[in-house]
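Structural overview for review
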Amino acid sequence: MLLSPSSPLHILPSCDPPYKLLRDHPSLALLSKCKNIQDLRQVHSQIIKTGLHNTQFALSKLIEFCAISPFGDLNYALLVFRTIQEPNQVIWNTVIRGHSLSSSPILAIEFYIRMILSGVVPNSYTLPFVLKSCAKLAASSEGKQIHAHVLKLGLESDAFVHTSLINMYAQNGELESARLGFDKSYLRDAVSYTALITGYASRGCLDEARKLFDEIPVRDVVSWNAMISGYAQSGRYQEALEVFKETCNENVVPNESTMVTVLSACAHLGCLDLGNWIQSWIEEHGLGNNLHTVNALIDMYSKCGDLNKARELFNSSKQRDVISWNVMIGGYTHMSHYKEALMLFRQMLRSDIEPNDVTFLSILPACAYLGAIDLGKWIHAYIDKNFRTLNNISLWTSLIDMYAKCGNIEAAAQVFDGMNSKNLASWNAMISGLAMHGKTDKALELFSRMISEGFIPDDITFVGVLSACKHAGLLDLGRQYFTSMIQDYKISPKLQHYGCLIDLLGRAGLFDEAEALIGTMGMKPDGAIWTSLLGACRAHGNVELGESYAKNLLELEPENTGAYVLLSNIYAGEGRWTDVARIRTRLNDKGMKKVPGCSSIEVDSVVHEFLVGDKVHPQWKQIYKMLDEIDTLLERSGFVPDTSEVLYDMDEEWKEGSLSHHSEKLAIAFGLISTKPGTTIRIVKNLRVCGNCHSATKLISKIFNREIIARDRNRFHHFKDGSCSCNDYW
Ligand code: ZN
Ligand code: ZN
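Just so we're clear, the structure is a prediction, and the values are computed from it rather than from any experiment.

So, about the overall build of the chain. Within the chain, the secondary structure is distributed over 39 helices and six strands. Its C-alpha atoms give the chain a radius of gyration of 35 Å, clearly above 27 Å, the size a compact globule of 730 residues would have. Seen through its principal axes, the chain has C-alpha atoms that stretch 115 × 55 × 50 Å. Within the chain, buried positions represent 51% of all 730 residues. For the chain, the accessible surface area stands at approximately 34,200 Å², while carbon and sulfur atoms represent 53% of it. Positive and negative side-chain charges in the chain, numbering 71 and 80 respectively, have mean positions lying 4 Å apart.

Another point: the pattern of salt bridges. Throughout the structure, instances matching the rule amount to 21 salt bridges. Between Lys61 and Glu64 there is a salt bridge; the shortest N-O distance is 3.4 Å. Residue Lys61 and its partner Glu64 are both found in helix H4 (residues 56-68); the two are separated by three residues, about one turn of the helix. Linking Glu453 and Arg449 is a salt bridge whose minimum nitrogen-to-oxygen distance equals 3.7 Å. Among the residues examined, Arg449 registers a relative accessible area of 35% and is labelled partly exposed.

Attention now goes to the pairing of strand S3 (residues 681-685). Side-chain direction in a regular strand flips from residue to residue, so the side chains alternate between the two faces of the sheet. The buried count for S3 comes to four of five residues, which makes it a mostly enclosed element. Relative to S3, strand S1 (residues 598-603) runs antiparallel, the two sharing three bridges. In the strand pairing of S3, Ser600 is matched with Val684. Bridge count for S3 against strand S4 (residues 708-711) is four bridges, and the pairing is parallel.

Okay, the coordination of the zinc ion (ligand 2) next. Tetrahedral coordination by four donors sets the ideal angle at the metal to 109.5 degrees; octahedral coordination by six donors sets it to 90 or 180 degrees. Coordination of the zinc ion (ligand 2) by the protein is provided by His694 (NE2), His717 (ND1), Cys724 (SG) and Cys726 (SG), with metal-donor distances spanning 2.0 to 2.3 Å. Angles of 101 to 117 degrees at the metal separate the four donor atoms of the zinc ion (ligand 2), which places the site in the tetrahedral class. Here the donor residues for the zinc ion (ligand 2) map to a single chain with the spacing H-x22-H-x6-C-x1-C. The pair His717 / Cys724 is uniform in exposure class, with both members buried.

Below, the discussion takes up helix H11 (residues 175-184). Within H11, burial applies to Leu175, Ala178, Gly181 and Phe182. Down the axis, H11 shows its buried residues gathered within 130 degrees of arc, on one side only. For H11, exposure combined with an orientation more than 90 degrees from the buried face picks out Glu176, Leu180 and Lys184. At its buried positions, H11 is contacted by helix H10 (159-171), helix H12 (190-202) and helix H13 (206-215).

Tracing the backbone shows Asp299 in helix H18 (residues 291-303). The class for Asp299 is buried, based on a relative accessible area of 17%. There is a polar contact of 2.9 Å between the side chain of Asp299 and the side chain of Lys303. Excluding residues within four positions of it along the chain, Asp299 makes contact with Ala267 and Val327.

Turning to helix H17 (residues 272-284), a few remarks are in order. The first and last C-alpha atoms of H17 sit 18 Å apart over 13 residues, in line with the 18 Å expected at 1.5 Å per residue. Restricting attention to buried positions, one finds in H17 the residues Leu274, Gly275, Ile278, Gln279, Trp281 and Ile282. All buried residues of H17 project into a common sector of 165 degrees when viewed along the axis, lining one side. For H17, the exposed residues lying more than 90 degrees away from the buried face are Asp273, Glu283 and Glu284. In this structure, the buried residues of H17 make contact with helix H15 (237-249), helix H16 (256-269), H18 and helix H19 (307-316).

It is worth spelling out the packing of aromatic side chains at this point. Considering all chains together, one arrives at 25 aromatic pairs under this definition. The rings of Phe345, Phe360, Trp378, Tyr382 and Phe387 are connected pair by pair, giving a single aromatic cluster. Lying across the ring of Phe213, Arg219 places its NZ or CZ 4.5 Å from the centre.

Take the sheet that holds S4 next. Pairing is mixed across the open sheet formed by six strands, whose spatial order is S2-S1-S3-S4-S5-S6. Both outer strands of the open sheet, strand S2 (606-611) and strand S6 (723-724), are each paired with one neighbouring strand and no more.

To describe two helices that pack against each other, one gives the angle between their axes and the distance between the axes. In the contact formed by helix H7 (residues 106-117) and helix H8 (residues 127-137), the axes pass within 8 Å of each other and the chain directions differ by 140 degrees. With respect to their mutual orientation, H7 and H8 come out oblique. In this structure, H7 crosses over H8, and the sense of that crossing is left-handed. In this structure, H7 contributes Ile106, Ala108, Ile109 and Tyr112 to the contact, and H8 contributes Leu127, Val130, Ser133, Cys134 and Leu137. Here the residues of the contact of H7 with H8 are counted per class, giving eight nonpolar, one polar and no charged.

Moving on to unusual backbone geometry. Working note: non-glycine residues mostly have negative phi, and peptide bonds are mostly trans. Residues other than glycine seldom take positive phi values, yet Ala138 does so here, at roughly 55 degrees. With respect to the helices and strands, Ala138 occurs in the loop between H8 and helix H9 (140-152). Taking relative accessible area as the criterion, Ala138 reaches 53% and is therefore assigned exposed. The phi dihedral of Asp721 falls on the positive side, at around 50 degrees, and the residue is not glycine. Its location among the elements puts Asp721 in the loop between strand S5 (716-720) and S6.

What follows covers the packing of H8 against H10. Orientation of H8 relative to H10, taken along the N-to-C sense of each, is 5 degrees, at an axis distance of 9 Å. When the interaxial angle is binned, H8 and H10 end up roughly parallel. Taken together, the residues of H10 that come into contact with H8 (itself represented by Pro128, Phe129, Leu131, Cys134 and Ala135) are Phe160, Val161, Ser164, Leu165, Met168 and Gln171. Of the residues in the contact of H8 with H10, the class split is nine nonpolar, two polar and no charged.

This part takes up the pairing of S1. Of all six residues making up S1, six are buried, and the element is well covered by its neighbours. Alternating residues of S1 divide into Cys598, Ser600 and Glu602 and Ser599, Ile601 and Val603, and every residue in both groups is buried. Summarising the sheet, S1 and S2 pair through six bridges and their orientation is antiparallel. Note that in S2 the partner of Val603 across the bridge is Val606. If you look at the hairpin formed by S1 and S2, you'll find two residues sitting between the two strands, and Asp604 has a positive phi there, around 50 degrees.

Conventions used here
Residues numbered from 1 in each chain as written. Chains lettered and ligands numbered in written order. Predicted model: local features only at pLDDT ≥ 70, side-chain atom pairs only at ≥ 80, totals over all residues. Heavy atoms only, no water. Helix = DSSP H or I, 4+ residues; strand = E, 2+ residues; numbered from the N terminus. Rg over C-alpha atoms; globule rule 2.2 N^0.38 Å. Buried < 20%, exposed > 50% of the residue type's maximum accessible area, 1.4 Å probe, protein only. Areas by Shrake-Rupley, 256 points an atom, 1.4 Å probe, with all protein chains shown as cover. Lys, Arg positive; Asp, Glu negative; His and termini not counted. Charge placed at Lys NZ, Arg CZ, Asp CG, Glu CD. Salt bridge = Lys/Arg side-chain N within 4 Å of Asp/Glu carboxyl O. Pairing = 2+ DSSP bridges. Donors = N, O, S within 2.8 Å, 3.2 Å for Na, K, Ca; no water. Tetrahedral: all angles 85-135°; square planar, octahedral: opposite > 155°, others 65-115°. Arc of directions from axis to C-beta. Contact = heavy atoms within 4.5 Å. Polar contact = N/O pair within 3.5 Å; in protein donor to acceptor, adjacent residues only side chain to side chain. Expected span 1.5 Å × (residues − 1). Phe/Tyr/Trp six-rings, centres within 6.5 Å; stacked < 30°, edge-to-face > 60°. Lys NZ or Arg CZ within 6 Å of the ring centre and 35° of its normal. Axes fitted to C-alpha atoms, helices over the stretch in contact; angles between N-to-C directions. Parallel < 35°, antiparallel > 145°, perpendicular 65-115°, else oblique. Left-handed = near helix turned anticlockwise from the far one by under 90°. Nonpolar A, V, L, I, M, F, W, Y, C, P; charged D, E, K, R; others polar.

This is how it looks when you write it as structure tokens:
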């Protein structure tokens, strides 16, 4: 917008009666008593009856009330304004001020131009509000033009105008200009300090902000908030909380905005104690019904792990908005309570609040985890219909991840190929999806394509690439990528990268090299690394090393029952049954419980979960009948159960005494009886598939002519026609 200050500047003579007469007029005194627009209409008709409407003074008072009072109405002000032939300076100023406070501050600038064109000169009551509008609109070039007007009119030494200029520059991010104005100013009032502090803090220049903050003569809640949210926005949550504690010591009364920021800092840091304290403060100060603070509290409690408290607040909140639903669903997902997230999402769909992109970003990981592909597909269709134009790359990337983790890698690829623009995260999701599914060639091919399209891989890309190599046992290639990651892309390897390479070395029986690599890591190996080496010892029958790795693992994770289980499997594989019994006794003495195997399957959009030997499903009788049938058919085709991994599932052994009741077998049996012949069965298991179930499932896929896609803790198995995509390497 180009502003033209070149029009003739002169003030119209006022033809009002003497000011004293008007000021004390009873009709005008009534204005201050108006509490709504109906009252106002009455006063307006009074003004007309008494003939006062012919005076600019009465009209300016009327407009002032309509444009600025909280009981007013800006449109009504404009109606009155249009009846005035030649509005005076005060009236123009009031209309401009009204618009600068409104939701369309652009109109303030438009009226400013009209004011100049009509020949009325702006003054020190006009410019601050025009400048405020420029700040609200981030209208940087208009702001500079107004600055020129200020100079031309000789108003730069006016305190009100000067502070507004500093504020405008600070809010528009032109910190140098703001600083210049501030340094030149003889009067550094709290407002200009606060403006500059806010400008610095919101752009991450926190040291500058803090210096000014320490100088400021009087600190009010606005300047405190600027500091607190500046730290929080820069991810410096601890410092945000420290500033907040200072406010409490200085007896500053925090407001809603302080509370929302501080609660989000608590959420990030997991400070439940401070969060609790803030909730009591909020209740004491009667802010408990404020939706912003309630949403912030729900978010804080769920991120700090107190989901019950969060849900309590959510349930008791009377006016929930989409943010309330999003923070609660996101809280469940964040704490890995995926089933609850899904249930609440279904409840949301039945409510009158529409989900938005943030909702889907929270719920898709829950679908992915539970393998809830039907719901995932429904969300895909919804996004396609309502959010396609939004072009939210994260949303489409979440869909790729969801499809990949739900076992439909083809659908993931379709979403990936259909994306107009992709970012690094989209490539990463697709590469690791392919890796998970054992589609190593495709994953590596996609990696080359990504490079040729100019993307620079990050550490997450290489986790995908290296795990693709790991799943296929490609040791040499894995080594090459590992070296290239360090040398060509200057990425220092993290535990996950080392883990892939160590796993490859272990499986190849190169234990010396694996240990040498651990020695050079410069960080302590985690449980996953020792576990994979233990697994390798089982495959290579290396009892001695297995014992030492198990010791290392138990030092790190004393409660890890998996360590005992793997070790006993190594003994069992070598026929050392006394050692197997010894370990069993030790586990028993310690009263340790292993994580129960749990498998889920989604049928008609409902996720069914099964534990080992579970008889709680409403159709358990039919399921067990099917299991018997499976066992008979397996036996007939010559299947011999492999009992060498028997301790791996010793809990069930005691409960059920049978390998055929593992959770994945229950899920498969349920899938067979509740879906049409030929339908693909997709199941998700929380643990690694045992060798016995793996061989059995291969045969089941052949006997029943079904494709079975199983996701275990590490990867996918596509069972078809009696074989598995992993080639028995997992
Ligand atoms: Zn099993
Ligand atoms: Zn497999």
